[in-house]
Amino acid sequence: MTGKERIIKTIRLEETDRIPWVPFVGCHGAKLLNISAEEYLKSSHHIVNGISKAIELYQPDGIPVMFDLQIEAEALGCKLAWSDNNPPAVVSHVLSEGVKLSDLKIPDKNSGRIPLIIEATGLLRKKFPDTALYGLITGPFTLALHLLGTDIFTKMMEVPDEIFTLLEFTKEVNKAMADLYIDAGCDVIAVVDPMTSQIDPGSFEMFVTPPATEIFEYIRKKGAMGSFFVCGHAQQNIEAMCECKPDNISIDENIPLDFVKDIAIRHKISFGGNIKLTVILLMGTPEDAQRDALECMDLGGNIGFMLAPGCDLPMDTPVENLQAITKLINDSYLQEVIRAKEKSESDLALLNMKDYGNANKVIVDIITLDSESCAPCQYMVEAVKTIAPQFEGIVEWREHAIKKMEAVTFMNSLMVKNIPTICIDGKIAFVSQIPPKHELIAAIQKRINEKLKLLIKSRNAEILIIGKTDEECKHVKINIKQAIQETGKNINVNVTTDENIRLSFGISNTPAVVLTEHKVKSQGEVPKVEIVREWLKEL
């Protein structure tokens, strides 16, 4: 049985010889060629070579030609910010910059980067006739958000007819892109709409269901199969997604696979997912990858399930981790060996966060997959970045992209389960939904009001580590840094081996730690001597 046949039978809920394997190779293809993501995504030659290399290494049953959810937006006039390691990000929204919707034209085979993608599709189709090719298109809601910006959430409530009209346009863009991919040889058209994770089921059914249902019906009439692909915490919308009548739904690790399976099979729809992207595929070992993949396989079962990562592969995903899954999926004996092994849980050390939130400033932490590669993450970070200037000097915001292990530790220490999430002073505030501007401002202001204004406006304390050598101070600094991270404080840490400084403090034994705390005592006036005298009593 060829990979293409296996994919088609699985989507039709027919029995196959094994579970199909669909690694979502996007910028990872650039890594296989040792070039930048930008260089890769702008060349049909590189795309063909990158996907060819991925097929050689991972022996997939199906694979996307391209994973870039900015293609249509770019063709319609939105500006992109390019990255060496991720797909580009949309940084301008044409409908918020004076362009009228009536001025926009449906992209065709000559628009933007579409010609090189269609060329690559045709070449891959000839080269790999037995592999199912996926054509990925930006779903109607996410494309509408790219064109309009986050104002879309307000306008959905205030002027819904305007959004209906916009989605009618993006629906036609989706159908045009489906035409191009199908004509070039794609077997499956994946409508990738991650921003639908940001809306409730009622809004989904009102705004997304009509265009999405029509898109999937159109794909079927064209002789291809349609997959509804959403990443993020979209659990509340799985039922609504199935009611759009796609042939398949694909989800990421935010949603339990058994939950999706129950709903999908009830609707007679196949489903795919949801190997963990960062903790397992990017940062884990080959054995970790096999264990997680096998867990997905056991949950998904042998009918209607396709094994896949939860979204496009991080660029630097180790080749050996993906090859380990390829080996696993083709070796039933290996599967039994892994099942028989006692599963060793990760000994991921958690930070002590009981004092987090006592910093001088209000700390807004945004836990993301990576705002450079995940659309919901990007727009959540932008929401915080936009209002931050209103709290200059009082609020500090930080992104924690879980592509790094320290961010994973931080996420688990705050008990964050879903991506993206906003925490305010260590408390979960907004989970997987971009907050309206007024709600975010109100939440931050409430926290500010809970703190003493004098404390919030205080200058940062400073810690000075004094030793005879840098090596002597190293472990002290590590402990202090961890304590700072666990409390969320913003404190400068300096190390000195200057003997004169040591002697000036009267220190004989090292390493020593000196803490200086700066407090605002007066503003806009000359303090009287007797007042200063009282201050000095505190020293």
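Just so you know, these numbers come straight off a predicted model, no measurement behind them.

### A word on the overall build of the chain
Then, number 1: The helix and strand inventory of the chain stands at 23 helices and 16 strands.
Then, number 2: In summary, the chain has a C-alpha radius of gyration of 27 Å against a globular reference of 24 Å for 539 residues, a match within 12%.
Then, number 3: Counting only residues that meet the buried cut, the chain has 55% of its 539 residues in that class.
Then, number 4: Across the chain, contacts joining residues at least 24 apart in sequence account for 73% of those joining residues at least 6 apart.
Then, number 5: When the accessible surface of the chain is summed, it comes to about 23900 Å², and 50% of that surface belongs to carbon and sulfur atoms.
Then, number 6: Computed over 58 positive and 75 negative side-chain charges, the inter-centroid distance for the chain is 3 Å.

### Some details on the sheet that holds strand 14 (residues 462-466)
Then, number 1: Judged by pairing direction, the sheet is mixed, and its three strands sit side by side in the order 15-14-16 without closing on themselves. Both outer strands of the open sheet, strand 15 (492-496) and strand 16 (512-516), are each paired with one neighbouring strand and no more. Neighbouring strand axes in the sheet, compared pairwise and without regard to direction, differ in orientation by 20 degrees on average.
Then, number 2: As paired elements, strand 14 and strand 16 share five bridges and run antiparallel to each other. Within the sheet, the bridge partner assigned to E462 lies in strand 16 and is T516.
Then, number 3: Strand contacts of helix 21 (residues 470-487): strand 14, strand 15 and strand 16, with the helix running at about 170 degrees to strand 15, the strand carrying the most contacts.

### A look at the side chain of D247
Then, number 1: Within the element layout of this structure, D247 appears in the loop between helix 11 (238-243) and strand 7 (248-250).
Then, number 2: Overall, D247 belongs to the buried group, its relative accessible area being 18%.

### What about the packing of helix 8 (residues 151-158) against helix 9 (residues 160-184)?
Then, number 1: Following both chains from N to C, one finds helix 8 and helix 9 inclined at 120 degrees, their axes separated by 6 Å at the closest point. If you check the angle between helix 8 and helix 9, you find them oblique. Touching I152, K155, M156, M157 and E158 of helix 8 are P160, E162 and I163, all from helix 9.
Then, number 2: Looking at the contact of helix 8 with helix 9 residue by residue, the classes come out as five nonpolar, no polar and three charged.

### A look at the environment of D193
Then, number 1: If you trace the backbone, D193 turns up in the loop between strand 5 (188-192) and helix 10 (201-221).
Then, number 2: Accessibility expressed as a relative area gives 0% for D193, which makes it buried.
Then, number 3: Along the backbone, D193 and N449 are 256 residues apart, and their C-alpha atoms lie at a distance of 38 Å.
Then, number 4: The residues contacting D193, other than those within four sequence positions of it, are G139, P140, F141, T142, F228, F229 and V230.
Then, number 5: Within the structure, D193 has its side chain in polar contact with the backbone nitrogen of F141 (distance 3.1 Å).

### Some words on the nonpolar core
Then, number 1: By size, the foremost hydrophobic cluster in this structure holds 162 residues, and its most contacted members are L147, I249 and L307.
Then, number 2: Here the element with the most residues in this core is helix 9; it accounts for 11 residues.
Then, number 3: Setting aside residues no more than four positions away along its own chain, I249 makes contact with S227, F228, I238, M241, C242, V260, A264, I269, S270, F271 and G272.
Then, number 4: I463, I465, I484 and V493 belong to the second largest nonpolar core, which has eight residues in total.

### Regarding empty space enclosed by the protein
Then, number 1: Taken as a whole and assessed by the stated rule, the structure comprises four cavities of 30 Å³ or more.
Then, number 2: If you trace the largest cavity, you find 18 residues lining it, with L69, Q70, S373, C374 and A375 closest to the centre.
Then, number 3: Empty space within the second largest cavity amounts to approximately 150 Å³.
Then, number 4: What lines the second largest cavity is a set of 13 residues, among which D252, E253, N254, L369 and I419 lie closest to the centre.

### Considering the side chain of Q290
Then, number 1: Mapped onto the fold, Q290 is located in helix 14 (residues 286-300).
Then, number 2: Since its relative accessible area comes to 11%, Q290 is described here as buried.
Then, number 3: Here Q290 is in contact with A324, I325, K327, L328, L334 and I338, once residues within four sequence places are set aside.

### What to know about the pairing of strand 11 (residues 395-401)
Then, number 1: Note that strand 10 (residues 362-368) and strand 11 share seven bridges and pair parallel. Paired with I366 across the strands is E399, a residue of strand 11.
Then, number 2: You can see the chain leave strand 10, run along helix 17 (residues 375-387) and come back into strand 11, and the turn it takes is right-handed.

### What to know about unusual backbone geometry
Then, number 1: Of note, the bond from T510 into P511 is cis; its omega dihedral lies within 30 degrees of zero at 5 degrees.
Then, number 2: For P511, the location among the structural elements is in the loop between helix 22 (499-504) and strand 16.
Then, number 3: A positive phi angle, close to 45 degrees, is found at Q59, a residue other than glycine.
Then, number 4: In this structure, Q59 sits in the loop between helix 4 (44-58) and strand 1 (62-64).
Then, number 5: For M415, which is not glycine, the phi dihedral falls at a positive 65 degrees.
Then, number 6: Residue position: M415 is located in the loop between helix 18 (405-413) and strand 12 (421-424).
Then, number 7: Taking relative accessible area as the criterion, M415 reaches 51% and is therefore assigned exposed.

What counts as what
Residues numbered from 1 in each chain as written. Predicted model: local features only at pLDDT ≥ 70, side-chain atom pairs only at ≥ 80, totals over all residues. Heavy atoms only, no water. Helix = DSSP H or I, 4+ residues; strand = E, 2+ residues; numbered from the N terminus. Rg over C-alpha atoms; globule rule 2.2 N^0.38 Å. Buried < 20%, exposed > 50% of the residue type's maximum accessible area, 1.4 Å probe, protein only. Contact = heavy atoms within 4.5 Å. Areas by Shrake-Rupley, 256 points an atom, 1.4 Å probe, with all protein chains shown as cover. Lys, Arg positive; Asp, Glu negative; His and termini not counted. Charge placed at Lys NZ, Arg CZ, Asp CG, Glu CD. Pairing = 2+ DSSP bridges. Axes fitted to C-alpha atoms, helices over the stretch in contact; angles between N-to-C directions. Parallel < 35°, antiparallel > 145°, perpendicular 65-115°, else oblique. Nonpolar A, V, L, I, M, F, W, Y, C, P; charged D, E, K, R; others polar. Polar contact = N/O pair within 3.5 Å; in protein donor to acceptor, adjacent residues only side chain to side chain. Core = buried A, V, L, I, M, F, W, Y, C linked by side-chain atoms within 4.5 Å. 1 Å grid on protein atoms, 1.4 Å probe; cavity = no way out; pocket = protein on both sides within 12 Å on 5 of 7 lines; lining within 4 Å. Points joined across faces, edges and corners; volume = space filled by probe spheres on them. Right-handed = clockwise from strand over helix to strand, strands pointing away.

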